[in-house]
Each structure stands twice: as C-alpha cells, then as structure tokens.
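Here are the chains, one letter per residue:
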Amino acid sequence: MAKEYKVNFDDYTFISEEGTFKGKLDFKMYGRNHNMLIYITLENGEKIIAAAYKDKAFFGLEETPLDTILELTFKKTSSGLIRLAGLDIV
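As the structure is a prediction and not an experimental result, all values here were calculated from the model.

J.: I'd love a proper account of the nonpolar core, names of residues and values included.
T.: Judged by nonpolar contacts, the single largest core of 17 residues is most densely connected at I38, L61, L72, F74, L84 and L87. Residue assignment for this core shows that the elements contributing at least two residues are β2 (19-30), β3 (35-42), β4 (47-53), β5 (69-76) and β6 (82-89). At 4 residues, the largest contribution of residues to this core is made by β3. Excluding residues that lie within four positions of it along the chain, L87 makes contacts with I38, F59, L61, L70, E71 and L72. Counting residues in hydrophobic clusters, the runner-up holds 5 residues, among them Y12, L37, Y39 and A51.

J.: Go over the packing of aromatic side chains, please, and point to the residues and values.
T.: In this structure the tally under the stated criterion is 6 aromatic pairs. Ring geometry for Y12 versus Y39: centroids 5.2 Å apart, planes at 90°, classification edge-to-face. Pair noted here: Y12 is in the segment before β1 (13-14) and Y39 is in strand β3, with a separation of 27 residues, a long-range link. Taking the relative accessible area as the measure of exposure, Y39 reaches 5% and is therefore buried. Each ring, one from F21 and one from F74, has its centre 6.1 Å from the other, and the planes form 55°; the classification is tilted. With F21 in strand β2 and F74 in strand β5, this pair connects stretches of sequence that are 53 residues apart. The same class applies to F21 and to F74, which are both buried. Every member of this aromatic cluster is reached through a ring pair, and the members are F9, Y12, F27 and Y39.

Cut-offs applied
- Residues numbered from 1 in each chain as written.
- Predicted model: local features only at pLDDT ≥ 70, side-chain atom pairs only at ≥ 80, totals over all residues.
- Heavy atoms only, no water.
- Core = buried A, V, L, I, M, F, W, Y, C linked by side-chain atoms within 4.5 Å.
- Buried < 20%, exposed > 50% of the residue type's maximum accessible area, 1.4 Å probe, protein only.
- Helix = DSSP H or I, 4+ residues; strand = E, 2+ residues; numbered from the N terminus.
- Contact = heavy atoms within 4.5 Å.
- Phe/Tyr/Trp six-rings, centres within 6.5 Å; stacked < 30°, edge-to-face > 60°.

See the structure below:
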C-alpha cells in the first residue's frame, strides 16, 4: 500500500534568512509559474516552502522521492528576496 501524505499547507512559510539548512522533503507540486514548490520540515522543526525553477532543472527534485533528506542553500537576490540557490541530497 502506498504511503498517504496529508499536508497542512498553512503550517509552511517562506524562509526569512539566508543560509544552509537540512530538512526532510514533505511534499512537492508544480506551481503556476513554471516552478516546483517544495515543502520541507527543517531539523529544528520549522516548516518552510521553497520554489525551484525549470531553468535550474528543478535542482533534480522531479525524481527525488518524498521523505528524502536535503541540504538547502538560500541566498538573497538582488531584489532582496530570499530564494533557493542550491540543493544537495544527503
């Protein structure tokens, strides 16, 4: 039997600081703007949303199974937004 995932999207927020964080991939889905939204629970229990874009090949997330541990790097863009800049599978 396949594992059923129930995600309360209200629990997740966009990250507000730069840095590298480790967390578990809880859910992923395609967004409206040719992106993929990923929902992650960080090691400290914080639940975050990040966007991965097609021009970065979604950082390989299309084939990444749920519950995978990821190391995510977030950097501030020139417009001041904090965005996913890199990702490694741990």
